[in-house]
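Fold and geometry: a report
Below are the chains, spelled out letter by letter.
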Amino acid sequence: MTARLELRGISRVFEGEIALDNVSVSLQAGQLACLLGPSGCGKSTTLRIAAGVDRQSSGSVLIDGQVASDDKVHMLAENRSIGLMFQDFALFPHLDVTQNIAFGLRNKQGRAARVKDLLERVNLTGYEKKYPHQLSGGEQQRVALARALAPRPRVLLMDEPFSGLDNRLRDDVRDATLELLKAEGTAVLLVTHDPEEAMRMADMIALMRGGRVVQMGAPFNIYNAPVDKAAAAFFSDVNVVTGQVVNALADTPFGQFLVPGVTSGEVEIVIRPQHLKLDFDRNGKGPNPTPSDGVPARGIVTRARYLGDHSLVEFAMDFDGSQLQVTVPGVFMPETGRALWLSMRRDRCFVFPKG
C-alpha cells in the first residue's frame, strides 16, 4: 500500500548544527505514529518539515506517493491537505466555537452539517456560540481537534496536544481523541515526550535521540525489546547490573549470565523494578529457585516508600554494594536494615555491552 505520509532520509542543518540526521518515517491512512523523545531531539522539527512550514536540507516528503518536498519541489503548506494541532490549541479568541471549527472549510456547501457532526462527535453540542475563554482546557482541546479535522485532511500533525491538560482530564481526552481519529481514518503523526502517552495512543513509535530515529516499531516491541539501555530507561525506571565477561559468561550478584557474542569486557544487564522478585518466606533457604528465576542474591533494605498502587523498596546488594529498586504491588514497607533475598528473571533482562 502507498503510504499516506512518508519521510525519506530527512536531514536538517541549522547554521552548521545537525538538527535531524537521516530521519525516515512512514504511516498509512488510519494509522497513528508517534515521534517520541526528550526535548531537543528533533521531534518538532520533523513535524514542521512534514507540514511544509520548514524545509529539509536533504531528503524528501511524500503524501500519497506524490512528492511534496525534495531538492527540486516544495509544495506550500496550505496545499498539502495536512491538519495541524498544537499544544496551546491556537483557537481564535474573537470567534465562537462554530466559527472556529468552520474556519478552514472553504466550501460553504455542507459547512453547517460538518460542524454539527463534529460537535456531536466531540460531545460539545450546545456550545456553538461559546467563545474560547468560556471553555475549560479539555473543551478547548476538543474544539481544536474538531477544527483540525473539519476539512478532512489526509494527514493530521499533532504537537504535544495534551500537555496543557491536568492528569485527571488527560486520559479521558486522549481516549476520546483516539476514538474520533480512528473513526475519521486520518493518518496521524503525534509528537510527545511522554512515553505513557505514546504507549497509550500509538500504533507505531519512532523513538528519537539527538536528531536520529534510534528505534521504530509497535509499542509492545519497543518496550519489550529496547535497542539499548537508554531506550529501556526512557519508558520506565530500570536497574542496571554490571558484569565482567570471561569466555562469554558475566559474573553478577545473580550468578553467571551467558552473553552470546561477547567474549570479554563488561556488560550491563538491565531489568525493570517490577521484574525483580523478593523472597519473603525462606530468606535464601529452602527449595532452590527455578532456572528462570536465576540465583538469589541478598540485599539490605535502605528505603521503602508507598506510592499508592505499589511500594518501592530500595536495596544495597551484599555482592558489590550496588543499589537496586523493586516494586511490590500493594503495601510493603520493610524496616531499613532488613535483609531480603532477590532473584531476577532471566527472560525479562536486557543485556548490552557497556560503553
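Attention here is on the structure that accompanies the text. All of these numbers come straight from a predicted model, not from anything done at the bench.

The geometry of helix H4 (residues 137-149) relative to helix H5 (residues 167-184) is characterised by a closest axis approach of 11 Å and an angle of 15° between their N-to-C directions. It follows that H4 is roughly parallel to H5 by the angle criterion. Two packed elements cross with a definite hand, and for H4 against H5 that hand is right-handed. When H4 is examined against H5, the residues Gly-138, Gln-141, Leu-145 and Leu-149 are found in contact with a partner set consisting of Leu-169, Val-173, Thr-177, Leu-180, Leu-181 and Glu-184. When its residues are assigned to classes, the contact of H4 with H5 shows six nonpolar, three polar and one charged.

Tracing the sequence through the fold places Arg-114 in helix H3 (residues 111-121). Note on Arg-114: relative accessible area 6%, which makes it buried. Here Ala-150 takes part through its backbone oxygen, which lies 3.0 Å from a polar atom of the side chain of Arg-114. Those residues in contact with Arg-114, other than ones at most four positions away along the chain, are Leu-105, Arg-121, Leu-149, Ala-150, Arg-152 and Glu-184.

Taken together, the six strands give an open sheet; going across it, the order is S6-S7-S8-S3-S9-S10, and neighbouring strands pair in mixed fashion. Across the chains shown, the open sheet's two edge strands, defined by having one partner strand only, are strand S6 (82-86) and strand S10 (212-217). Between one strand and the next, the sheet's axes are offset by a mean angle of 15°, whatever the strand orientation. Of the strand pairs in this sheet, strand S7 (residues 155-159) and strand S8 (residues 187-192) are connected by five bridges, and their pairing is parallel. Bridge pairing in S8 places Met-158 opposite Leu-190.

All right, on to the sheet that holds strand S15 (residues 276-279) then. Spatially, the five strands line up as an open sheet ordered S15-S19-S16-S17-S18, and their pairing is antiparallel. Across the chains shown, the open sheet's two edge strands, defined by having one partner strand only, are S15 and strand S18 (323-329). For this sheet the average axis-to-axis angle between neighbouring strands, irrespective of direction, equals 45°. With four bridges connecting them, S15 and strand S19 (residues 339-344) associate as antiparallel partners. Within the sheet, the bridge partner assigned to Lys-277 lies in S19 and is Ser-343.

Another aspect to go through is helix H1 (residues 43-51). With seven of nine residues buried, H1 is to be regarded as a mostly interior element. The complete set of buried residues in H1 reads Lys-43, Thr-45, Thr-46, Leu-47, Ile-49, Ala-50 and Ala-51. In the segment just after H1, Gly-52 is the residue with positive phi, at about 95°.

Rules used throughout
Residues numbered from 1 in each chain as written. Predicted model: local features only at pLDDT ≥ 70, side-chain atom pairs only at ≥ 80, totals over all residues. Heavy atoms only, no water. Axes fitted to C-alpha atoms, helices over the stretch in contact; angles between N-to-C directions. Helix = DSSP H or I, 4+ residues; strand = E, 2+ residues; numbered from the N terminus. Parallel < 35°, antiparallel > 145°, perpendicular 65-115°, else oblique. Left-handed = near helix turned anticlockwise from the far one by under 90°. Contact = heavy atoms within 4.5 Å. Nonpolar A, V, L, I, M, F, W, Y, C, P; charged D, E, K, R; others polar. Buried < 20%, exposed > 50% of the residue type's maximum accessible area, 1.4 Å probe, protein only. Polar contact = N/O pair within 3.5 Å; in protein donor to acceptor, adjacent residues only side chain to side chain. Pairing = 2+ DSSP bridges.

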